[in-house]
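Fold and contact review
Given next are the chains, with one letter for each unit.
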Amino acid sequence: MSRNRRWDRRALRLPDDPSDVLGALNELNQHLRRGLDERSAAFIARTTRQLLDCRVVAVTADSTLLAQDGEAVDWQVEVEDHATLVLERRRTAKPTLYTMSLGRDQAEVAVAVLTSDDVPIGTIHAMTVQGQPLNMNALRELTVLVGSQLQIAELDQSRAFAAEAELRALRAQLSPHFLHNSLTAIAGLVNTDPIRARSAISQFSDFLRASFRIQSDLWTLSEELRLVDLYLELARVRFGDRFDVLLTIDPETLPVQVPVLSVQTLVENALRHGLETKPGQGSLHLGAENDGPEITITVEDDGVGIDPDRLQQALNGTDTSSHVGILATDTRLRSTFGPEYGLMIATAANAGTKVIMRLPKNPPKRG
Amino acid sequence: MIPTIAVGAVVTMTMVLGVSGLRFARTTSNFFVASRAVNPVWNAFAVCGEAMSAASYLGVPALILVFGVDMLWTLTGWTIGFLLLSLFIAAPVRRFGSYTIPEFIEGRLDAPRLRPLVAMAVITSSWFFLLAQLKGAGVVTRQLIGAPYWVGVVVVGVLVAAGLSAGGMRGITFVQGFQFFFIFLGILVPFTVLAFDRASGDGEPIISPDPPLFMVDQTVDYPSDVTIEATTSTAVTISGTIDGRVVDAEPVVLLGEHDIALGTTIDFTAGDLVPLEVGRDRLTGEQWAAPLGDKNIGGGHPLYFSYASLLANMFGIIALPHIVVRYYTNPTGREARRTNLWVLAMIAPYYAMLPLIGAVGRVLSPDLLSNGNTDSTTVVVGNRLADGLGGELIDAVVSAGAAAAFLSTASGLLIAIAGALSHDILNAGVPQFRLAVWIGAGVSIAAGMAVESIDINVLIGWSTAIAATAIGPLLVLGIWWPGFTERGAIATVAIGGTVTTIAAMLTLFGVVDSGWALAFAATPAAWSVPLAFAIAITVSVLDPNKVTDVAHKFALMHLPERADNLVEVDA
């Protein structure tokens, strides 16, 4: 065993300092975070060649050559043909050796299959230096490492897809509930107050158009406020003048990017769960404060409040019947801006509800 | 008394407006009113309130008084800086959407590890700028109520920090816009009085050809320890301490160097040559009024100084963090540019009026060249322009303007420092921001008390040199050169920031004190800015790791925003 290890070391030609190896792997990991593309493939090829000390390394996605590193060997056709072969036969378990003829030359080539979540997605071809065996174990380990990193990248990507899907869902969710209530309210007005009904219908159409035109996940607070305004106008049709709205908005907060429909969701929550069931006049306070590099948005109502236990259940996901909007907003904020930007909720039965949302002025990284 | 009340009123109004959160009367139930963006003109007032600081209000007249017309380059540099900001910086940075300079650089170059580094450059440069504001506070307070220098430093430092941590940022656009009017008025009033005075006068030039001399009998107070040098025998009456000897209304003949202790007063008679503080150049009126020549500027190299000063000030202005963040308040890049146009229109006349105050200072307050108190030139001139109630009123307006100048800029700088510390370096939230405000204020107050003998514009010079060298190239190249890379930026900040900081330290501790060495260390921009650009470009060209999706980022910065508005009707 110990003999074997010594041999490994020589064949691998590991640099004297292990931190070089770790550094190379870390750099590789960072590049793999983007998934398998030309740049990350170039890095895989380079790292493989450096670590395993071979003549030239090629990386394919499926059977298409993405990148190669080392001697200028024209072997694209051979590599792609062989990659197709290997992928068809699903030889994913361990690297295989074959002999490639390049014109008059013969060369030993090791090929390993890259998998992500056990699905083959590409191959690594390493051409050995004449008369120097390649460390197949090391190649296999490297392949596994690359595969697991690619899987992480895929997860990242699916998380982004999930966030987008959530936005769509939120938009869809906004509509049916709200559409129904608004239309019922307007229907009630048609006979008693046709003029008001007419203006409500036009507001309703403005609101719909505004929500249909939402394309991105973020827009400015001032755009969000205009949407909230339309929403409240419609809500008034249903609620009558049973609630007052007070706004305190620092003008410095207006250009800040906020998640689309986030404030609207909080306002809707305040109306539905706070003010709707409250007897008599209620009030809603919407504030946006300038806090240097951040802003703080608060939505406060003096309605019936939420039982903290039920809220806790909703936030834990054990009670999925209510407060879905708040929960979704919380998740969206965390995934957009980072875990420290979740919602803060202060409430008690019959004591109103205050929801605080913190946002950085600097928009999140555009991907 | 009236001036003290005026300053008290400015301070109180600033605190009350800031903390009570009177934000354009934005407490409303009307969404249209609440979501209306800050008007570009009003934001321009705020930018001016931020930009018109103790550096210009107090520092420039002092420079002009001491060194003469060569110092006009400072103002020219600032004006060019605002022009550059307008043409090349404000709109693209606004469109990119980042709030602070470190965030912009991080986003533009995809370089998270660069952010704390740039934040450190931001903190260093803002910190020197803040010290200059606190120095101004100390000097004006001393002038106003005779309190020791440190009182003003501590009071203003604590007030600004308290205001910010009590939510004073809420109305900041409004408060700074409001301070602009006081600042502008503080210079406009004495300027107008002087202009009318000249118009009705005998046409004699303001500047006499002689070296500085007392025009009238004058009693000069010495608010700090200084060494003065009389070149001719000057018979005076002294109360206080001279050369370690306590005297009381004793006639003394001054000749050669004398140590004068704090609290001493000396009676001079009209026609006496001013015994200058040691180290000051004894310029005749002609030397004062002509540029270049044999002057003790830039270690005796006034031409080098002119270029260095111009470069430091023009690239310094674009890279001063408290100015750039103000454009974030504009909703679009176009509005940012429009704001800046107004800034130019308002700041240019202000800059044009300042030199006259310094020039008149040579006639009205030559004593400042002797008692080491040149940074109070503006206030002293305001005080001596007229007698009686009129004089008091002018004094009040000028002092109130000075207070507004250092208050607004000090709070803007403290926000920048605390933001960079908590947000960019520690990556923390609002409570840490409040803590960082107090840390920043504490350190600055301590250092502010120690810089009594350093001229405001020396501090500003270091600040702008660091900003121009370490940050300026990042902004210019980041916005306009697709090939700029992370490593290029790191090399620029690291080398540029280090060499300029070392240069500042070399002059601060008196390691270099004459000739070219002093010129290079005291005003490094003439070599350090080109060096920084060279490093940035060379390293970026050699760097194989180019920034990905540069095209997307350039589109974001340089294309006008989509004009699609929620409630707009489709065409």
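Remember, predicted model here, so these are calculated numbers, not experimental data.

**Topic: the packing of helix H4 (residues 54–67) of chain B against helix H16 (residues 388–425) of chain B**
Residue and element names in this part refer to chain B. Following both chains from N to C, one finds H4 and H16 inclined at 130°, their axes separated by 8 Å at the closest point. Judged by the inter-axis angle, H4 sits oblique to H16. Residues Ala54, Tyr57 and Leu58 of H4 lie in contact with H16, whose contacting residues are Gly401, Ala402, Ala405, Phe406 and Thr409. Of the residues contributing to the contact of H4 with H16, the split by class is 6 nonpolar, 2 polar and no charged.

**Focus: the environment of B:Tyr304**
All names here are of chain B. With respect to the element layout, Tyr304 can be found in helix H11 (residues 302–319). The partly exposed category is assigned to Tyr304, around which 18 C-beta atoms lie within 10 Å. Taking the C-alpha atoms as reference, Tyr304 lies 9.9 Å from Trp527; in sequence the two are 223 residues apart. Those residues in contact with Tyr304 that lie beyond four places of it in its chain are Gly298, Ala519 and Ala526.

**A word on the sheet that holds strand E3 (residues 96–102) of chain A**
Residue and element names in this part refer to chain A. On the basis of which strands lie adjacent, the open sheet formed by 5 strands has the order E2-E1-E5-E4-E3 and antiparallel pairing. Among the strands making up the open sheet, the edge pair consists of strand E2 (64–70) and E3. Across this sheet, the average inter-strand angle for adjacent strands is 25°, counted without regard to direction. Note that strand E4 (residues 105–116) and strand E5 (residues 119–127) share 8 bridges and pair antiparallel. Looking at the pairing, Ser116 lines up with Val119 of E5. Sheet strands touched by helix H3 (residues 38–52): strand E1 (56–61), E2 and E5. Its angle to E2, the strand with the most contacts, is close to 40°. Packing of helix H4 (residues 76–89) onto the sheet brings it into contact with E1, E2, E3, E4 and E5, and relative to E5 it is tilted by some 135°.

**Topic: the pairing of E1(A)**
Residues and elements named next belong to chain A. When you tally the buried positions in E1, you get 5 out of 6 residues, the bulk of the element. Where E1 and E5 come together, 6 bridges link them in antiparallel fashion. By the bridge assignment for E5, Ala58 is matched with His125. Judged from the 6 bridges that link them, E1 and E2 form a sheet pairing that is antiparallel. Paired with Ala61 across the strands is Thr64, a residue of E2.

**Observations concerning the interface of chain B and chain A**
Accessible area lost when the parts come together is the quantity often used to give the size of an interface. Contacts between the two partners involve 32 residues from chain B, matched on the other side by 31 residues from chain A. Mapped by element, the contributors of at least two residues to the side of chain B that touches chain A are strand E1 (27–28), helix H2 (31–34), helix H9 (172–199), H16 and helix H17 (430–450) of chain B. Counting residues per element, the side of chain B that touches chain A draws most heavily on H16(B), at 4 residues. Partitioning the side of chain B that touches chain A into residue classes produces 16 nonpolar, 12 polar and 4 charged.

**Focus: the domain arrangement of chain B**
Residue and element names in this part refer to chain B. The domain architecture assigned to chain B consists of domain 1 (2–15 + 40–200 + 290–558) and domain 2 (218–282). Taking the mean C-alpha position of each, domain 1 and domain 2 sit 34 Å from one another. Between domain 1 and domain 2, the residue contacts involve 12 residues of the former and 14 residues of the latter. If one sorts the elements of the side of domain 1 that touches domain 2 by residue count, helix H14 (residues 368–371) sits on top with 3 residues. When its residues are assigned to classes, the side of domain 1 that touches domain 2 shows 3 nonpolar, 5 polar and 4 charged.

**What about the nonpolar core?**
Core analysis: the largest hydrophobic core is formed by 182 residues, its most contacted members being B:Val118, B:Leu414, B:Ile417 and B:Ile471. Counting residues in hydrophobic clusters, the runner-up holds 43 residues, among them A:Phe243, A:Ile345, A:Met357 and A:Leu359.

**Structural notes on the pairing of strand E4 (residues 245–260) of chain B**
All names here are of chain B. Here strand E3 (residues 226–242) runs beside E4; their pairing, made up of 14 bridges, is antiparallel. Paired with Thr227 across the two strands is Asp259, which belongs to E4. Counting the residues between successive antiparallel strands, the hairpin from E3 to E4 contains 2 residues, one of them, Asp243, with a positive phi of roughly 50°.

**A word on the confidence of the model for chain B**
Mean pLDDT over chain B: 86, with 95% of residues reaching 70 or higher. Across residues 564–571 of chain B, where pLDDT falls below 50, the model places 6 contacts with residues more than four positions away in sequence or in other chains.

**Looking at helix H15 (residues 377–384) of chain B**
Counting buried positions along H15(B) yields 7 of 8 residues, so the element is predominantly enclosed. Where H15(B) is concerned, the buried positions are B:Thr377, B:Thr378, B:Val379, B:Val380, B:Val381, B:Gly382 and B:Asn383.

**Remarks on the packing of H15(B) against H16(B)**
Residues and elements named next belong to chain B. Put simply, H15 and H16 touch, their axes get as near as 7 Å, and they point 160° apart. Classified by the angle their axes make, H15 and H16 are roughly antiparallel. For the pair H15 and H16, the sense of crossing is right-handed. In this structure, H15 contributes Thr378, Val379, Gly382 and Asn383 to the contact, and H16 contributes Gly391, Ile394, Asp395, Val398, Ser399 and Ala402. Its residues placed into classes, the contact of H15 with H16 shows 4 nonpolar, 5 polar and 1 charged.

How each quantity is defined
- Residues numbered from 1 in each chain as written.
- Chains lettered and ligands numbered in written order.
- Predicted model: local features only at pLDDT ≥ 70, side-chain atom pairs only at ≥ 80, totals over all residues.
- Axes fitted to C-alpha atoms, helices over the stretch in contact; angles between N-to-C directions.
- Helix = DSSP H or I, 4+ residues; strand = E, 2+ residues; numbered from the N terminus.
- Parallel < 35°, antiparallel > 145°, perpendicular 65-115°, else oblique.
- Contact = placed C-beta atoms within 7 Å.
- Nonpolar A, V, L, I, M, F, W, Y, C, P; charged D, E, K, R; others polar.
- Buried ≥ 20, exposed ≤ 12 C-beta atoms within 10 Å, placed from the backbone.
- Pairing = 2+ DSSP bridges.
- Domains from an automatic or database assignment.
- Core = buried A, V, L, I, M, F, W, Y, C linked by C-beta atoms within 7 Å.
- pLDDT = per-residue confidence, 0-100.
- Left-handed = near helix turned anticlockwise from the far one by under 90°.

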